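Here's the letter readout for the chains.
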Amino acid sequence: MSGTLPPPGVPRCADGARERRDPLLGTASPGRSWVLVEHPGRWPVRGFVDLPLALEIRRRVALAAAGAGARILLVRRHGRRDGDEALRWAVVHHEDSGAHRQTWGTWADEDDLLALPDALGAPGHTGHPPVLLVCAHGVHDTCCAVRGRPVAAALAARWPELTWECSHVGGDRFAANLVVAPDGVYYGGLDAGSAVDVVADHLAGRIGPTFLRGYTTLPAPEQVAVVEALRVLGPLGRHELEVLGSEPAEEGWEVRLRRRGIGTLVTVQLATERSRPEQLTCRAAGPSTVASHRATAVHVG
């Protein structure tokens, strides 16, 4: 938990975000594919690209991931690890149909990681449960470790086979952050108790708006519109809401959605705003601003 602290007199980024009530919604990092590489111990600030592995291996894996639009995350189990247990890697893809694809393997020697470029192009397998990725990358940001590790512990106690600590996923100030992959769902502002409740609901097909940052397959305005629709319609499964379209409007955006099966239509009007300069991460050199989208009207029917 040795990440860089903010300047003296400035609160840690997650504390500051909660005091300001920074909006979570619309902040999920975009992506449909993830490469997971188990690596115990201390993670470098930049994650995989700075691991003590041969440069050519890091280069080939990183290029293959970039070509596939995949994000590489380092992962580890919470708590002590059995030294005789094989290290694992995975490639997981989001499919809009809900039939997600995953490929898993193990590595003992760094050359084994050269299986990853091929796995990125392979069809993968369906039927795997999702993985729960809790950002606990303390070297990247202190808040991620301070708030993330208790959440990882709580989820690992309940779902030990699904839960991993992971490296930086974005949005440090929203720690503790949870990514459910390959569903492509970001949650933030969690603690140990709320995380267990959120995951139990998610696995039961009930995604609610309270801790939801957004869906990684959607741009920010559409992520916000999904959250606002869930406030009106109540919790729904990952693919029960369909975005019909979005277009710029006078104040910001107008997004149209439909509840699949029932056909309920929801139109969300959004205003685009810019925040005041704030310390947005513990490692930031100084204050900066961020754009956000606020619902001004929600129409159903």
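Our structure's up above, just so we're on the same page.
Keep in mind that what you see is a predicted model, and the values were worked out from it rather than measured.

The rules behind the values
Residues numbered from 1 in each chain as written. Predicted model: local features only at pLDDT ≥ 70, side-chain atom pairs only at ≥ 80, totals over all residues. Heavy atoms only, no water. Helix = DSSP H or I, 4+ residues; strand = E, 2+ residues; numbered from the N terminus. Expected span 1.5 Å × (residues − 1). Bend = angle between axes of the 7 residues up to and from the residue. Buried < 20%, exposed > 50% of the residue type's maximum accessible area, 1.4 Å probe, protein only. Contact = heavy atoms within 4.5 Å. Polar contact = N/O pair within 3.5 Å; in protein donor to acceptor, adjacent residues only side chain to side chain. Phe/Tyr/Trp six-rings, centres within 6.5 Å; stacked < 30°, edge-to-face > 60°. Lys NZ or Arg CZ within 6 Å of the ring centre and 35° of its normal. Pairing = 2+ DSSP bridges. Axes fitted to C-alpha atoms, helices over the stretch in contact; angles between N-to-C directions.

**Q** Explain helix 4 (residues 142-158) to me, please; I cannot follow it from the model alone.
**A** Count 3.6 residues to each turn of an α-helix, and residues three or four apart come out pointing the same way. For helix 4, with 17 residues, the first-to-last C-alpha span of 25 Å sits near the 24 Å given by 1.5 Å per residue. A bend of about 35° at Gly148 is the largest found in helix 4, and the proline Pro150 appears one to four places after it. Residues Thr142, Cys143, Cys144, Ala145, Gly148, Val151, Ala152, Ala154, Leu155 and Ala156 constitute the buried set of helix 4. Check the buried side of helix 4 and you find it contacts helix 1 (13-20), strand 5 (131-135), strand 6 (163-166), strand 7 (178-181) and helix 5 (192-203). The residue sitting at the N-terminus of helix 4 and contributing the capping side-chain oxygen is Asp141; that oxygen lies 2.9 Å from the backbone nitrogen of Cys143.

**Q** Hey, could you run me through helix 6 (residues 220-233) in this one?
**A** In this model, helix 6 (14 residues) spans 20 Å end to end at C-alpha, consistent with the 20 Å of a helix rising 1.5 Å per residue. Within helix 6, 10 of the 14 residues are buried, which leaves the element mostly enclosed by the surrounding structure. Buried within helix 6 we find Pro221, Glu222, Gln223, Val224, Ala225, Val226, Val227, Glu228, Ala229 and Leu230. Summarising the contacts, the buried residues of helix 6 are in contact with strand 9 (212-215), strand 10 (241-248), strand 11 (252-259), strand 12 (265-274) and strand 13 (291-300). Of the residues trailing helix 6, Gly234 is marked for its positive phi of about 95°.

**Q** Any chance you could explain the environment of Ser292 here in plain terms?
**A** Mapping Ser292 onto the fold places it in strand 13. For the pair Ser292 and Pro23, spaced 269 residues apart in sequence, the C-alpha to C-alpha distance is 7.7 Å. In contact with Ser292, other than residues within four places in its own chain, are Pro23, Ala271, Thr272 and Glu273.

**Q** Before we go on, may I ask you to explain the packing of aromatic side chains in this structure?
**A** What characterises a pair of aromatic rings is the spacing of the ring centres plus the angle enclosed by the ring planes. Overall, the coordinates contain 1 aromatic pair when judged by the stated rule. The interplanar angle of 25° and the centroid separation of 6.3 Å between the aromatic rings of Trp104 and Trp164 together place this pair among those described as stacked. One end of the pair, Trp104, is in strand 4 (residues 101-107); the other, Trp164, is in strand 6, with 60 residues separating them in the sequence. Residue classification places Trp164 among the buried residues on the basis of a relative accessible area of 2%. In this structure, Arg76 packs its charged tip against the face of Trp43, placed 3.7 Å from the ring centre. Between Arg77 and the ring centre of Trp164, over which it is positioned, the NZ or CZ distance is 3.6 Å.

**Q** Before we go on, may I ask you to explain the side chain of His140 in this structure?
**A** Structurally, the position occupied by His140 is in the loop between strand 5 and helix 4. Engagement of the side chain of His140 in a polar contact is seen with the side chain of His168, the distance being 3.5 Å. One polar contact links His140 to Asp172, side chain to side chain, over a distance of 3.4 Å. Not counting chain neighbours up to four residues away, the residues in contact with His140 comprise Val45, His168, Asp172 and Arg283.

**Q** For this particular structure, what's the right way to read the sheet that holds strand 8 (residues 185-187)?
**A** As a general point, the strands of a sheet are linked pairwise by backbone hydrogen bonds and lie either parallel or antiparallel. The strand order across the open sheet built from 9 strands is 4-3-1-2-6-5-7-8-9, with neighbouring strands paired in mixed fashion. Strands at the two margins of the open sheet, each flanked by one partner only, are strand 4 and strand 9. On average, each strand axis in the sheet is tilted by 25° relative to the strand beside it, whichever way the strands run. Two elements, strand 5 and strand 7, share 4 bridges in a ladder whose sense is antiparallel. Bridging from a neighbouring strand, Leu132 pairs with Val180 of strand 7. The strands that helix 2 (residues 55-67) touches are strand 1 (33-38) and strand 2 (70-76); relative to strand 2, the one it contacts most, it runs at about 130°.

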